[in-house]
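Tertiary structure, described
One-letter residues, chain by chain:
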Amino acid sequence: MPAQKRSLDESSSSHKVKKSKTEDSHKTDRAQQPSTSSLLTEEVDFPRGGGTSFTPLEVKSIRAEAVREANAELIEDARDAQKSNKRKRKSETKAPNDSKATQGKDRIRIEHLNYKRINVGMKIFGQIVTILPLALIVSLPNQLYAHVPITNISSQFTELLERMDQELDSVSEENDEEEENEASKFRVPELAEIFKVGQYVCAVVSAVHAPGASDVTGVGRSRDETSRASRRIELSLVPERVNAGVQKSDLQAGFTLTGAVKSREDHGYIIDFGIQDVSGFLSLKDAAKGRVSGSILPVGLLLGVTITKVSTNGRIFTVSADHTSVATSCLSEVSSVSSILPGTLVQALVTTAHSTGLNLQVLGFFEGTVDPLHLRQDGSAYKVGKKVKARILYDYSSSPPKFALSLKDHVVKLGVCQTFSAEEPGKGKNLQEAYPIGTLLQSVKVVRAETERGLIVEVDNGIEGFVHISHTSDDHVPSLSTSGPWKPGSIHPARVTGYFLFDGLLQLSLKPSVIQQKYLQVSDVEVGEVVKGTIKKLADSGLFVSLSGGVDGVVWPNHYADIVLKHPAKRFKEGASIKCRVLVVDPERKRISLTAKKTLVDSTFPILSKIEDITPGMITHAVVFKVHEKHLLVEFYNNLKAVVPAKEISDSPKGQLPQSFPIGRVVRVRILGVNEGRITASIRQTLSTHNIVSDISSIEIGHTVEGTVTEIHKDNVVLTLQPSHIRALLSLKNLANHRSLSLPQLRINLKVGEKLDELVVVTRNPEKAIVIVANKPRSKPSLLLKGNTITMESIKVGELIGGRITRHTPHGALVKITAQIGGILHITEISDNFDTGVSFPAIDTIIKATVIAIDQAKRQLTLSTRPSRMYPDQVHEIIDPEIGSIADIQVGTSLRGFVKNVGEHGLFVTIGRGVDARVQIRELFDEYVKDWQSRFQVNQLVKGRILSVDVDTKKAEMTFKSGDLSARHGPSKMTLSDLREGLKVDGVVTKIEDFGLFIQIEGSKLSGLCHKSQLSDTADADVALALQGFRAGDRVKAIILGIDNRRISLGLKPSYFTEEDLQGEDVDSDGDEEHEGSFGVVQNEEQSEEEEQDDDMAASDGESDQSMDVDVDEAQIEYQHKKTSKGVASKPTPVPQMSSLSLAGGFQWSGDVQQVDENEEADSSSDDDEAADEPSKKKRKRKAIEQDLTAEMHTKTPESNADFERLLLGSPNSSYLWIQYMSFQLPLSEVDKAREIARRAIRTINFREEQEKMNVWMALLNLENVYGTDESLDLVFKEAARANDSKTIHLKLASVLEQSDKHEKAEEQYKRTCKKFGQSSKVWTLFGEFYLRKGNLEDARKLLPRSLQSLEKRKHLKTISRFAQLEYKYGDAERGKTLFEGIVDSHPKRWDMWSVYMDMEATQSNIQSLRNIFERVLALKMTSHKAKSFFKKWLELEKRIGDQEGAETVKEKAIEWTQRASNAS
């Protein structure tokens, strides 16, 4: 109804009359004022435009004066009331009835909001506490909850939902790609994207459901208590309904209301308020203040905004979404009561203060109440007449209008209720953080009791809680009194069960049962915890268990027990107690998964529920989750999964994984590692009880180790090596032989925990983290009598000692001195002259050497057999000096060494103990050589010059090139670290001063000063004259006198140099030609002579140019006089063992060395004669290359165990070599040795080489068949069946028995195989072939119907075809033809069967039968491609077994078929 206008005179005159009235009449008028207010929408409203002659300024001043007068009257009334307090008290005792009537008139009754007082259309203020996919849960005043369906957000949001639904329907019907892309443009944001928990909303009640309603839109059947409590009240946030009644004239700057984003424009957003002819504009800048910077506001989003500016036309309102602005904007005046919305902050005046609440006057005209829950302090603490800012909660009366308000800080400030922190004021915690659900409160104080509702209790300073009457006791409590056990001031224990966020209260319970309850919510349950529950229900989907209170769990069928239960109802009865372990806790879905598997319930292993719990190496229980072909998936707790690779599962074949590891089986696993969130585990490594180390890189082949016995098996024992804890295997036979015991005696004597030492690592398997060890062979008696008395303490450097060569390694030859002491002989410590054919002594050779170093930690000696070391008192010619460290070599020095390694980028040359030099490819030859690697071999003697030395990094560079180093490499090769005091260098004078000469050292950029006092040895010499004798550029030889802070002092005195130093330059220049050919691979003189003779012969034939080319090329490749074949660097081949050892005249490796030396002397003497005849030749003579007799060792047939062992080191996975090795033992009657070799081969061959292992198993089966017993053959057969494909081994054994003419045993084996593998077509056909080869046709033909009964139907055709082919081959061809006829009749389109039929008939050379078959098949309908293949096959058979006429007929029929096919198309 439109408001009527009235003049301002009437309004002002009425106020003047009020001012002159007495106190009694004034109270009466004030009591009647709400019913006759002029601000009611159905009464006269303030004038809006026209009807007055006052200016706007005058109107504003008049209104302000009216407000001041009204406030003055209220204050005066309050003072009068205080003065008459005493009189009132007296009158109250005399006339109580009159007092109650008067009090009822003065104070408005304060009532709580409840379901009865809520009606449809009521506007209310709330706070979002939960966001569901299809609804919002809102906390309302006075501990109420409501829900907002997704369709009640805004009209724009609802349109988006409808549009998306229509688009999805059209896409599903038309299945059009373009429409699907178009539909994706209208993505509707999730509710969690446009709302947040704790956000305040203004809503209108759209429906109130009856108690117990369950079909509530959006809420569903949620198990959450808050969601269930919100089902009764349904709210709407649509701005059209919330803002209904707001007058356009009240939309002024500072007015707050709710709007929905209608559209996005270039500079901002259009906001829809739901008010006719009114819209808002939110700039992009202001929008960023209210949300995350840079985010786009979706259409339909609800915003609380404040009007900042009104357009001139009064239709467009500029708004701000800043939270601070919205929270602080206070409404001071309105023209209509309907413009006052819930959530509006208003100015109010306290009219009545009482312990039960406050009465307020809102905006000077309207009445309002504040209940005690929404006061900052007790109601009696507020003074009448005090102005306060309060926020409207709801309106509970329209005639007269009355509002409920809140003075709570978090509501007034639109924030979240927080606890008070004395340490950090202003930084308190939220209620949920400070008091999680389930928190036990030892003492809460009752503040007041509401008779029919519950208790208000004080928890902490400023924090209160509400206890519903139903939660005060386990017994029924009809009502609460102030004198009972819950009287104000009483203390009680309580427990937090929830929150009333809008009221800022904790939801508490005083029930002893709740306080003692173990779980209140799903999140209280810990993963891996053992719990006891009661069975509620057994359904097909699972077993439902009640744990505590309202917390339930479910046991899925695969977790009923360790095995699959066929009848779970017999085990689980409703109401019975059950013990389980918590498997998964999902707080979001309010779901707990349990397991009743006894293995998991009783498990003492660690609980793995998150990735942080994982520690590599730990053992725990897991459940098989999924079985794949190459791995297993196992599951721990809380859906944490791991992968078990096939190699880490077990020794079972892959085809048996589903049977061995069914889904749901509990297994023990060991964690191997975590890589980018992927957990890898092992089942195999948990089979032993000790801790397994997966990294075995610390153990190398040949290491001597010791260990403790952890497991004893039939053929071997499992050891744990100490101190590395690596797992190792030791053969029982090897241990028995070492202890000279029989196997039964050893099994009796050997105990778990026994310590074994002196073990040698023979094989490593990094994939399985295991090594195979063997006992060290008994040491052979030493030649030195005092060897048994040697100890590490008695040995001293320089002493001679005897030992036996046990092994060759890349670092040197290992020498065994005693059982506890070993030594190493480096290749550069063998001789003082490397020309004598340096090589390692043969294995098991007894040597005598001198000790040059002692390593007490490793109990190892460093030995040398150099004569200069062994016999220092004698005079020895040292051609190749001993180099002990990198500091012993100098730049430019020519040294000889041995090739250590041939790499892709050059060589490494060993020139001393632990001293290696690198030779890059560019430093190998003076000219380009393509295939340079073939020119060098490991341990080959070479010679070169040192290019550079870095003492700090212990690196040296060497060159094989000839020529001047400084000229090739420039002046920057030598550095300051290469210089030392006393070093003689060449230099060039760069500058002459009065005090001396500046000299630049050749081969570097360094310069030094030679003082004039260092020029002459004569003290009286005229040094000034001497200085004048030098010129810049003069070459000089100088000596370094000192280096101080990078200042080099040089000396030129003649006394510093010898004649060799001064003549060295000339010698070098004269010998350049000879020097060029002296680097690279070192040759001996005999080779040089023979090569020279060849060169002379070539020159005499007129081929001097070619001879020179060859000569230059071969100058870089010189071979040793005696060399061994070194195929692999890490496995040098030992030299042939000599028959005797002669120590006369010094230590010699072989008995024919003296003879070789004599031959060399004779050759050298003849060479000298030839050199005298030809004095003009400066070129050094070279001998022809000797043939390497050891090169054939890799190609010739092995003739000893050592040959086989050497070959197996290079090819450990070759079954051919292993089987040859086995067969080599049989003529020697070493059957047990052959068996041991086979077992060793099976252990050594890599597990990926399945066929190679199968070959060895077959060899072992053949061995046991020929040389063993039935028991041993059966034992090996069972082992082979477990280690390989069982069906293959069964068939192989039958074949072995058949080939050895054991037909009865072969027949029994075939029968066993058919019984076990009756589903295999191959087994039946091979059995039939066995019978047919024996001539037992009847038994063979009986197998066919038997096989068809066992085989699957899809295999019938293949089996019949195979039996038909066998009939053609071994039996009756007519019977085979009958079988094929049956096949092609029943399956005429099986072209492959026709082809096999034709091939079988071709073996009978019956061309007429073939022609009939071809004519029949070509009469069938087929493709041209298939017809072409048949005609081609027919033509070939006609040419082979037919005649020319038949071939022509085939061609004619082919043309005819083609024409017929083209006509048909």
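Everything below is about the structure printed above this text.
Report on the accompanying structure. (Residues numbered from 1 in each chain as written. Predicted model: local features only at pLDDT ≥ 70, side-chain atom pairs only at ≥ 80, totals over all residues. Heavy atoms only, no water.)

Turning next to the nonpolar core. Core analysis: the largest hydrophobic core is formed by 81 residues, its most contacted members being W1394, M1398, V1417, M1422 and F1430. For this core, the element with the highest residue contribution is helix 31 (residues 1250-1267), accounting for 8 residues. If you look at the next biggest cluster of nonpolar residues, it comprises 80 residues, including I118, V138, V334 and F366. (Core = buried A, V, L, I, M, F, W, Y, C linked by side-chain atoms within 4.5 Å. Buried < 20%, exposed > 50% of the residue type's maximum accessible area, 1.4 Å probe, protein only. Helix = DSSP H or I, 4+ residues; strand = E, 2+ residues; numbered from the N terminus.)

Next up on the list: helix 35 (residues 1321-1334). Taking 1.5 Å per residue, 14 residues should reach 20 Å; helix 35 reaches 20 Å between its end C-alpha atoms and fits that length. Helix 35 sits mainly inside the fold: 10 of its 14 residues count as buried. Taken together, the buried positions of helix 35 are S1321, V1323, W1324, T1325, F1327, G1328, E1329, F1330, Y1331 and L1332. Turning to helix 35, the residues buried within the fold contact helix 33 (1286-1299), helix 34 (1303-1316), helix 36 (1337-1350) and helix 37 (1356-1370). (Expected span 1.5 Å × (residues − 1). Contact = heavy atoms within 4.5 Å.)

Another aspect to go through is unusual backbone geometry. In this structure, L414 takes a positive phi of about 55° despite not being glycine. Along the chain, L414 turns up in the loop between helix 13 (409-412) and helix 14 (431-434). Positive phi is not limited to glycine here, since N1045 has a value of about 55°. Here N1045 falls in the exposed class, since its relative accessible area comes to 68%.

With that out of the way, let us pick up the environment of L907. Relative to the helices and strands, L907 is located in strand 43 (residues 906-912). A C-alpha to C-alpha distance of 5.9 Å links L907 and R918, two positions 11 residues apart in sequence. Non-local contacts of L907, meaning those with residues more than four positions away in its chain, are made with V899, N901, V902, A917, R918, V919, L924, W932, F936 and F960.

A regular strand places its side chains on the two faces of the sheet in alternate fashion. Where strand 32 (residues 704-712) meets strand 35 (residues 755-765), 4 bridges bridge the pair, whose relative direction is antiparallel. Each residue of the ladder has a partner; that of T708, found in strand 35, is K755. Two strands pair when backbone bridges link them, and strand 32 and strand 33 (residues 716-722) are joined in this way by 6 bridges, in the antiparallel orientation. When the bridges of strand 33 are listed, E711 appears paired with V718. Counting the residues between successive antiparallel strands, the hairpin from strand 32 to strand 33 contains 3 residues. (Pairing = 2+ DSSP bridges.)

Residue position: Q1365 is located in helix 37. For the pair formed by Q1365 and V1396, sequence separation is 31 residues and the distance between their alpha carbons is 8.4 Å. Those residues within four positions of Q1365 in sequence are excluded, and the remaining contacts are F1380, V1396 and M1400.

For helix 38 (residues 1373-1386), spanning 14 residues, the distance from its first C-alpha to its last is 20 Å, which sits close to the expected 20 Å at 1.5 Å a residue. Listing the buried residues of helix 38 in full gives A1373, G1376, L1379, F1380, E1381, I1383 and V1384. Looking at the buried residues of helix 38, the elements they touch are helix 36, helix 37, helix 39 (1391-1402) and helix 40 (1407-1418). The N-capping residue of helix 38, defined by a side-chain oxygen 3.2 Å from the backbone nitrogen of E1374, is D1372. (Polar contact = N/O pair within 3.5 Å; in protein donor to acceptor, adjacent residues only side chain to side chain.)

A word on the sheet that holds strand 47 (residues 984-993). Pairing is mixed in the closed barrel, where 5 strands are placed in the order 47-48-49-51-50. Between one strand axis and the next, the sheet turns through 50° on average, direction left out of account. Sheet topology note: the strand 47/strand 48 (residues 996-1001) ladder contains 6 bridges and is antiparallel. Residue pairing for strand 48: V989 is matched across the bridge by I999. (Axes fitted to C-alpha atoms, helices over the stretch in contact; angles between N-to-C directions.)

In this section: the pattern of salt bridges. Once their charged atoms are close, side chains differing in charge can pair, the charge on each being opposite to the other. Under the definition given, this model contains 42 salt bridges. Put simply, D916 and K900 hold a salt bridge, and the shortest N to O gap is 2.7 Å. Placement of D916 in strand 44 (residues 915-920) and of K900 in strand 42 (residues 894-902) is noted, with a sequence separation of 16 residues between them. What makes D916 partly exposed here is its relative accessible area of 23%. In this structure, D986 and K1037 form a salt bridge, with 2.8 Å as the shortest nitrogen-oxygen distance. Pair noted here: D986 is in strand 47 and K1037 is in strand 50 (residues 1035-1044), with a separation of 51 residues, a long-range link. A residue is classified by how much of its surface remains accessible, and D986, at 27% relative accessible area, is partly exposed. Look at K1037 and you get partly exposed, because its relative accessible area is 23%. (Salt bridge = Lys/Arg side-chain N within 4 Å of Asp/Glu carboxyl O.)

To continue, consider the packing of aromatic side chains. This model, assessed by the stated rule, comprises 25 aromatic pairs. Note on F1204 and Y1221: the rings are 4.9 Å apart at their centroids and 10° apart in plane angle, and the pair reads as stacked. Of this pair, F1204 sits in helix 28 (residues 1201-1210) while Y1221 is found in helix 29 (residues 1215-1225), placing the two residues 17 residues apart along the sequence. In this structure F1204 comes out as buried when scored by relative accessible area, which is 4%. For Y1221, a relative accessible area of 1% gives the class buried. Taken together, Y1310, F1327, F1330 and Y1331 form an aromatic cluster joined through their ring pairs. Here R232 stacks its cationic end above the ring of Y115, 4.1 Å away from the centre of that ring. (Phe/Tyr/Trp six-rings, centres within 6.5 Å; stacked < 30°, edge-to-face > 60°. Lys NZ or Arg CZ within 6 Å of the ring centre and 35° of its normal.)

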